[in-house]
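Residue-level listing of the chains:
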Amino acid sequence: MEDRQGLLDRLFRAQNIIRPTPIVRLEEPVSDGLDIYAKLEYSNGIGSIKDRPALWILKEAIERGDIGPHTTVIESSSGNFACAVAVCCRMLEIDFVPVIDPNISSHYEQTLRGMCADVVKVTERDDTGGFLKTRLRKVQELIALYGDAYWPNQYENLGAVAAHYHLTGAEIAQVPLDYVFVGVSTGGTIAGVSQRLKRENPNVRVIAVDAEGSVIFGGAPKRRHLPGLGSSISPGLVGQAEIDDVVMVPEIDAVRACQELLDRHRLFVGASTGSVYSAIQRYFSGRSSGSAPARVLFMCCDRGSAYLDTVFDPNWAAWREAADLQDAEAMCG
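Rules and cut-offs
- Residues numbered from 1 in each chain as written.
- Predicted model: local features only at pLDDT ≥ 70, side-chain atom pairs only at ≥ 80, totals over all residues.
- Heavy atoms only, no water.
- Pairing = 2+ DSSP bridges.
- Helix = DSSP H or I, 4+ residues; strand = E, 2+ residues; numbered from the N terminus.
- Contact = heavy atoms within 4.5 Å.
- Axes fitted to C-alpha atoms, helices over the stretch in contact; angles between N-to-C directions.
- Buried < 20%, exposed > 50% of the residue type's maximum accessible area, 1.4 Å probe, protein only.
- Right-handed = clockwise from strand over helix to strand, strands pointing away.
- Expected span 1.5 Å × (residues − 1).
- Bend = angle between axes of the 7 residues up to and from the residue.
- Polar contact = N/O pair within 3.5 Å; in protein donor to acceptor, adjacent residues only side chain to side chain.
- Core = buried A, V, L, I, M, F, W, Y, C linked by side-chain atoms within 4.5 Å.

Time to look at the sheet that holds strand 3 (residues 72–76). Ordered in space as 5-4-3-6, the four strands form an open sheet in which the pairing is parallel. Each of the sheet's edge strands pairs with one partner strand only, and the pair in question is strand 5 (120–121) and strand 6 (149–150). Inspection of the sheet shows strand 3 paired to strand 4 (residues 95–100) by five bridges, in the parallel sense. In the sheet register, I74 faces strand 4, and the bridge partner there is V97. Against the sheet, helix 3 (residues 80–92) makes contact with strand 3 and strand 4, and its axis sits at roughly 170 degrees relative to strand 4, the strand it touches most.

In terms of burial, strand 8 (residues 205–211) is a largely internal element, six of the seven residues being buried. Pairing analysis gives five bridges linking strand 7 (residues 179–183) to strand 8, with the strands arranged parallel. Counted as the bridge partner of F181 is I207 from strand 8. Handedness of the crossover joining strand 7 and strand 8 through helix 7 (residues 188–200) is recorded here as right-handed. Looking at chain direction, strand 8 and strand 9 (residues 245–249) are connected through five bridges and run parallel. Bridging across to strand 9, A211 finds its partner in V249.

Counting buried positions along strand 2 (residues 34–40) gives seven out of seven residues, so the element sits mostly inside the fold. Looking at chain direction, strand 2 and strand 10 (residues 294–300) are connected through seven bridges and run parallel. Bridge assignment links K39 to a residue of strand 10, and that residue is M299.

Here the focus is helix 6 (residues 158–172). Taking 1.5 Å per residue, 15 residues should reach 21 Å; helix 6 reaches 20 Å between its end C-alpha atoms and fits that length. Along helix 6, the sharpest kink reaches roughly 35 degrees, centred on H164. Judged by how many residues are buried, helix 6 sits mostly within the fold: twelve of 15 residues are covered. Within the span of helix 6, buried status applies to G159, A160, V161, A162, A163, H164, Y165, T168, G169, A170, E171 and I172. Structurally, helix 6 contributes buried residues whose contacts are with strand 1 (23–25), strand 2, helix 2 (51–64), strand 7, helix 7 and strand 10. For helix 6, the N-terminal capping position is held by N157, with its side-chain oxygen 2.8 Å away from the main-chain nitrogen of G159.

What follows concerns the sheet that holds strand 2. Adjacent strands of a sheet form backbone hydrogen bonds with each other and so pair up, either parallel or antiparallel. Pairing in this open sheet of six strands is mixed, and the strands run 1-2-10-7-8-9 from one edge to the other. Because the sheet does not close on itself, it has two edges, and the strands there are strand 1 and strand 9. For this sheet the average axis-to-axis angle between neighbouring strands, irrespective of direction, equals 25 degrees.

Moving on: the nonpolar core. The biggest cluster of nonpolar side chains holds 66 residues, and the ones touching the most others in it are I67 and L112. Among the elements that make up this core, the one with the highest residue count is helix 3 (nine residues). Residues contacting I67, with those up to four places away along its chain left out, are L7, L58, A61, I62, V73, I94 and Y150.

The structure is reproduced here in structure tokens:
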């Protein structure tokens, strides 16, 4: 009983890492007739939008008794969620084993190896050319190995939806908006945010943003090189979302958009944010927003620090663009 109470006491202190994040207006519009707002989710205590569902899911698991003082948390993640869980577990004084893959940034991998006694890295691609299914199989193997283990399952856990409904969505709902663009990976963010915003304002349009090569919305799978957006499966949480439209974005466009956000708007952000910003440009290209400017919001999910050796490396970006050209020529040939 004392051990459980100690865990609950540590949980209470850990909850202070979650706080409202700023919403700022971009001074230079993406195009005429738009007012663009960025929600700076990288201002969360651990550094990304994944802080919210990580803590919420762990909190519910502790309250249910699924996590005790000797439980090992095991989860598949491409970076942000794993880092958030790692910090939370450190504060809770319980063990965490992240399951990662080669697409993880070196920054995130080093962070996890510094915080976790064991980090498992899979290298075998699944049948879609990605690594997610391989990671999930490894999670199941580890659960059987550890015995007293808890799998947050961020791809199916309704706690992720609740976190974004009660926290992220509630904060966004304070701003009158016409459009919200949300990147999709596990589906928890867009499900929670869209449910809350549609309840507050049924006329707001929720635009889902996905990466080319992701299968979430039925697209053809292909190799992706940037973590954070897209998936090798269609997560169940996506079915909880209230989506009005979907925009698919090539990875090279995400790279260009990240650089534009830094150069024009002084926002140093990661690849998924670049994809969403690029989606706004694509969506409104050639469209008329009407007599009054359309108010559009997107979220800056994490900082660009983890992408210095990819998105913000000119050599990597050039290699990625050349790879896209080769793929296009192969398809035409």
